[in-house]
Amino acid sequence: QVQLVESGGGLVQAGGSLRLSCAASGRTFSSYFVGWFRQPPGKEREFVAAISWGGGTTYYADSVKGRFTITRNNAVTTVYLQMNSLKPEDTAVYFCAARTGSTNYRVPSEYRSWGQGTQVTVSA
């Protein structure tokens, strides 16, 4: 099972940018499908973006499409989430998660490995 550690969260003004990183342990990282999720205060965890094993296919929630970009570098076992044009409603704890399959990729319970999360706060 892969271990995941997120970083890069912080406080930013609306319209600003942040880049989150998800560093993974394990030599088999390229065999994992990786997703980013977020959990706003008092709400359920929700899908943000996902990327296939080789990085050739990406998926986005409608709410972030055109503003967020997910990429991965398997050589350094890291997945990134570039977040631009941030809005106050993007405020949440952001988690990365990994799994071996890709069906139902929007569903948190389909992922086996999770990081501890990183806080993103966007001020108006």
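Our structure's up above, just so we're on the same page.
Thresholds, definitions, all that
- Residues numbered from 1 in each chain as written.
- Predicted model: local features only at pLDDT ≥ 70, side-chain atom pairs only at ≥ 80, totals over all residues.
- Heavy atoms only, no water.
- Helix = DSSP H or I, 4+ residues; strand = E, 2+ residues; numbered from the N terminus.
- Polar contact = N/O pair within 3.5 Å; in protein donor to acceptor, adjacent residues only side chain to side chain.
- Contact = heavy atoms within 4.5 Å.
- Buried < 20%, exposed > 50% of the residue type's maximum accessible area, 1.4 Å probe, protein only.
- Pairing = 2+ DSSP bridges.

Draft legend 1. Structural context of the side chain of threonine 78. Considering the arrangement of structural elements, one finds threonine 78 in strand S8 (residues 78-83). A polar contact of 2.9 Å, which involves the side chain of threonine 78, links it to the backbone oxygen of valine 76. Once residues lying within four places of it in the same chain are set aside, the contact partners of threonine 78 are Ser21, Cys22, Ala23, Phe29, Thr71, Arg72 and Asn73.

Draft legend 2. Broad picture of the pairing of strand S5 (residues 46-51). With five of six residues buried, S5 is to be regarded as a mostly interior element. Relative to S5, strand S4 (residues 33-39) runs antiparallel, the two being bridged by five bridges. By the bridge assignment for S5, arginine 38 is matched with glutamate 46. The antiparallel pairing of S4 with S5 creates a hairpin that spans six residues between the two strands, and glycine 42 there sits at a positive phi of about 75°. Connecting the antiparallel pair S5 and strand S6 (residues 58-60) is a turn made up of six residues, with glycine 55 showing a positive phi of about 90°.

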